[in-house]
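The lines below spell out each chain.
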Amino acid sequence: MVDVTEKEMDNPTFKSDTVLSDVHLHCPNKRHLMVRLNAVGQPVFRSYFKILWNTEDLPSEKRVREATTEREHHYRSGDELCDQDRNNEKKERGLNSEGVEALLDDDGDLEVVRRPRSASDLEAEDILRDRVYPVILMKGKDDAFEDEEQECTCSDVVKIEHTMATPLEDVGKQVWRAAFLLADYILFKRDTFRCCLVLELGGGTGITSIIMGTVAKRVYCTDVGDDLLTMCEQNIALNKHLMEPGRGEVKVKELDWLKDEFCTDPEAPYSWSEEEIADLHDHCTVIMAADVFYDDDLTDALFRMLYRITHNLRNSCTVYLALEKRLNFTLRHMDVTCEAYSHFRNTLNDLESLQDRKMKYTVEPIKLDFCQFLVYERIEQL
């Protein structure tokens, strides 16, 4: 939903009420069960994401290409017949060879002729994206989870509670593609992260920290907002079955990028102890963040927080940033642009060129040719 307001005739302002992630639309044969309403009345769903160690189970690009090729061949094979039918129709209606008049209906409106959809079209669509039908649990119907729980107790299924549509300020309660991308990289480079101490900025539902917790020694999953952090903690509890005994500890903590200090208030539910802050500074070697670059002010705040944290680390640290370049039409440019991504890149360049006697940052892009272990669309904009 989009609300359009116009303060001045030449200064229209667009405000988005609802933001929707489409990750949950690409989960074949999985039900999305509404388990409760959160503290602000938003429906919370529980989804199951299977880790495909045998990546042949994924809808491969080869299968998609074959389906697409078959579809195109079907179109081409039917072109001669269609063209012949069109020529006969033109002769009957007295149209010229270019068929300009055929684009208008009896009322003079533009008429769009579409090719008939074939079975191969539907097959290709099913490979690319399966239909999902969320199931809403009614009061007293909790046993609807029984079969699902029995199917999802194995060690290769991630259980995540999340929302499906929220206002912009609550997007952390949804699951986003860049989180899956970063999770894929963690699973692909397991030995790189083994026994590390990791900090995640903007952890959201916690799915990336959960995957990291399967190999790392300890993960501090951070975000802001008690309702979101409670959801994140619930997800970590749901996935204890993935953690190796004696390892894989995931701690949920508050970390507000707009504040200069860690929250150490003992009355706050997700505050830091002095020992935990010291542990982070003494042992952290990996920082990660996924899909947190959508607002310029928050991007600036994140990089300031990133600088403050890395400046206090005892060891050198690698930061992994995953994001999706989202294209939007802007009236200012009268074009489709990627302003949030452009601001991110500019800020990242500023960090790399920072002249600091104690700190030096280098930036290296990672090619997306590593294996895919989770079912989602690894689009070009990731």
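- As annotated in an unreviewed UniProt entry, the chain carries the name Methyltransferase-like protein 22 and is attributed to Himantopus himantopus.
- Turning to the chain, the UniProt annotation filed under Subcellular location (unreviewed entry) states: "Nucleus".
- In UniProt, the chain has this text filed under Sequence similarities (unreviewed entry): "Belongs to the methyltransferase superfamily. METTL22 family."

1. Description of the overall build of the chain
- Helix and strand content of the chain: 10 helices and 15 strands.
- For the chain, the proportion of its 382 residues judged to be buried stands at 41%.
- Long-range pairs, those at least 24 residues apart, make up 71% of the contacts in the chain with a sequence separation of at least 6.
- A total of about 22400 Å² of accessible surface is found on the chain, and carbon and sulfur atoms cover 49% of it.

2. Quick notes on the packing of helix 9 (residues 296-311) against helix 10 (residues 339-352)
- Packing of helix 9 against helix 10 brings their axes to within 10 Å, and their N-to-C directions diverge by 25°. In terms of orientation, helix 9 lies roughly parallel with respect to helix 10. Relative to helix 10, the crossing made by helix 9 is right-handed. Residue-level inspection shows Asp-296, Thr-299, Asp-300, Phe-303 and Leu-306 of helix 9 in contact with helix 10, the latter providing Glu-339, Ala-340, His-343, Phe-344, Thr-347, Leu-348 and Leu-351.

3. Let's talk about helix 7 (residues 226-238)
- Here helix 7 spans 18 Å end to end across 13 residues, near enough to the 18 Å set by a 1.5 Å rise per residue.
- For helix 7, every residue scored as buried is listed here: Leu-228, Leu-229, Met-231, Cys-232, Asn-235, Ile-236 and Leu-238.
- Close packing links the buried residues of helix 7 with strand 4 (33-37), strand 5 (43-50), strand 7 (157-162), helix 6 (207-212), strand 10 (218-223) and strand 11 (249-254).

4. Structural notes on the pattern of salt bridges
- Counted by the stated rule, this structure contains 18 salt bridges.
- In this structure, Asp-170 engages Lys-173 in a salt bridge whose closest nitrogen and oxygen atoms are separated by 3.8 Å.
- A salt bridge links Glu-276 to Lys-251, with the nearest nitrogen and oxygen atoms 3.3 Å apart. One end of the pair, Glu-276, is in helix 8 (residues 274-283); the other, Lys-251, is in strand 11, and 25 residues separate them in sequence.
- Residue classification places Lys-251 among the partly exposed positions, given a relative accessible area of 22%.
- Each member of the salt-bridge network shares a partner with another, and the members are Arg-218, Glu-249, Lys-251, Lys-253, Glu-276 and Asp-279.

5. Details of the packing of aromatic side chains
- Evaluated as defined, the whole model comprises 14 aromatic pairs.
- Centroid distance Tyr-185 to Tyr-320: 5.7 Å. Interplanar angle 45°. Geometry classified as tilted. Of the two residues, Tyr-185 sits in helix 4 (residues 177-188) while Tyr-320 sits in strand 13 (residues 318-322), which places them 135 residues apart along the sequence.
- When the centroid spacing of 6.0 Å and the interplanar angle of 40° are considered together, the rings of Tyr-341 and Phe-344 count as tilted. Within this pair, Tyr-341 and its partner Phe-344 are both found in helix 10, separated by 3 residues, close to a single helical turn.
- Counting every residue linked through ring pairs, the aromatic cluster contains Tyr-185, Phe-188, Phe-193, Tyr-320 and Phe-370.
- Geometry around Phe-370 places Arg-378 over its ring, the cationic atom sitting 4.6 Å from the centre.

So, how was this worked out
- Residues numbered from 1 in each chain as written.
- Predicted model: local features only at pLDDT ≥ 70, side-chain atom pairs only at ≥ 80, totals over all residues.
- Heavy atoms only, no water.
- UniProt positions renumbered as here; feature names shortened; annotations may be inferred.
- Helix = DSSP H or I, 4+ residues; strand = E, 2+ residues; numbered from the N terminus.
- Buried < 20%, exposed > 50% of the residue type's maximum accessible area, 1.4 Å probe, protein only.
- Contact = heavy atoms within 4.5 Å.
- Areas by Shrake-Rupley, 256 points an atom, 1.4 Å probe, with all protein chains shown as cover.
- Axes fitted to C-alpha atoms, helices over the stretch in contact; angles between N-to-C directions.
- Parallel < 35°, antiparallel > 145°, perpendicular 65-115°, else oblique.
- Left-handed = near helix turned anticlockwise from the far one by under 90°.
- Expected span 1.5 Å × (residues − 1).
- Salt bridge = Lys/Arg side-chain N within 4 Å of Asp/Glu carboxyl O.
- Phe/Tyr/Trp six-rings, centres within 6.5 Å; stacked < 30°, edge-to-face > 60°.
- Lys NZ or Arg CZ within 6 Å of the ring centre and 35° of its normal.

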